[in-house]
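# Descriptive analysis of the structure
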Amino acid sequence: MNSNQTRLTTPFHSHATAAEVIEGVDLTGRRVVVTGGASGIGTETVRVLAAAGAEVTIATRDPAAAAKVAATFADLPGTVRSAALDLADLSSVAAFVRDWRGPLDVLVANAGVMAIPVREVTAQGWEMQLATNYLGHFALTMGLYGSLRAAGRARIVVVSSGAHRDAPFDFDDPQFERRPYHPWAAYGQSKTADVLLAVGARRWAADGITANALNPGWIITNLQRYMDEATMREMGAIDENGEIIPQPYLKTLAQGAAASVLLAASPLVEGVTGRYFEDNQEAPPATPEVPGGVAAHALDQDAADRLWDYASSVLAMA
């Protein structure tokens, strides 16, 4: 957070639901894309935005699964459709962009993978977590820039994680080609990159485009599919029988989607850009004494510009 910038607060507590943070907001006529909207907090984000009247596209690797989700929302005031999008495949991203027609009011970069146990690479040779969580979303955002600008007051919402605090972006070896691969280091780096995407997009403010990142908090979803039971027990998430241990910081899907929906649709954040939110508030600077917060390396404007240039060059070479 810029030292000269007033921290934004809202009236919503940490466990407010997505529906609560936009109660009374009418999104009729607004067009939204939610990546990874066929499961987890993505599905709840889709549901609440459509319930407020938005036209929502679920962009996912499995459009058949997304179509089933969309069918369950047929009675909502808004409309929900599905479209194919594999963020780790540039041809898929290009096809999605090519097929999009008209303005886009909100892009929710929600899809992601976490803690892949061994280093995997895409067809372009990109490390899979960086490719899926950041580079694919960067390519999608760049491809949809014209549609976002055409909307006049568009928003980009980037789902990051508290894991960003442990991993600055390594510009010397971002793809883990030389340093030893570690699943959490790769995940944390990709989530730092997500925050830097929002910071870097400040260059589009004059076009009416704002971008903000968020930490949704602790929610049990299929994002944890690469985590074995031993890891989950070590983190205190499950007991010896594999049952979830209730913790005050755990959130339901409805609560975990709240920050995404707040940034996508609440009038409280109109015109706000380049910031990081958690528990439905703009996060304070991270300190060793207080849990949470946003690391300085994730809000560094020079790093954001450098990463923007890096991602642009990587995509150009692909």
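Look a little higher up for the structure.
First, a word on scope: everything that follows refers to the structure included in this document.

Cut-off values and rules
Residues numbered from 1 in each chain as written. Predicted model: local features only at pLDDT ≥ 70, side-chain atom pairs only at ≥ 80, totals over all residues. Heavy atoms only, no water. Helix = DSSP H or I, 4+ residues; strand = E, 2+ residues; numbered from the N terminus. Buried < 20%, exposed > 50% of the residue type's maximum accessible area, 1.4 Å probe, protein only. Contact = heavy atoms within 4.5 Å. Areas by Shrake-Rupley, 256 points an atom, 1.4 Å probe, with all protein chains shown as cover. Salt bridge = Lys/Arg side-chain N within 4 Å of Asp/Glu carboxyl O. Pairing = 2+ DSSP bridges.

Once that is clear, we can look at the overall build of the protein chain. Looking only at helices and strands, one finds 11 helices and 8 strands in the protein chain. Split into buried and exposed, the 318 residues of the protein chain put 54% on the buried side. Taking the intrachain contacts of the protein chain between residues at least 6 apart in sequence as the baseline, contacts between residues at least 24 apart amount to 76%. Accessible area for the protein chain stands at about 13500 Å²; split by element, carbon and sulfur atoms hold 52% of it.

A separate point is the pattern of salt bridges. The final tally for this structure, using the stated rule, is 13 salt bridges. A salt bridge links R203 to D305; its shortest N-O distance comes to 2.9 Å. One end of the pair, R203, is in the loop between α7 (183-200) and β6 (210-215); the other, D305, is in helix α11 (residues 301-317), with 102 residues separating them in the sequence. Classification of R203 by relative accessible area gives partly exposed; the value is 38%. Of the residues examined, D305 reaches a relative accessible area of 25% and is grouped as partly exposed. Connected through salt bridges with shared partners, the residues R153, R155 and E270 form a single ionic network.

Sheet faces and side chains relate simply in a regular strand, where the side chains alternate between the two faces. Side chains of strand β7 (residues 275-278) alternate between two faces, with R275 and F277 and Y276 and E278 buried alike. Pairing geometry for β6 and β7, over 4 bridges, is parallel. Residue pairing for β7: N212 is matched across the bridge by R275. Sheet topology note: the β7/strand β8 (residues 281-282) ladder contains 2 bridges and is antiparallel. Note that in β8 the partner of E278 across the bridge is Q281. In sequence, β7 turns back onto β8 through a hairpin of 2 residues, with D279 there showing a positive phi of about 55°.

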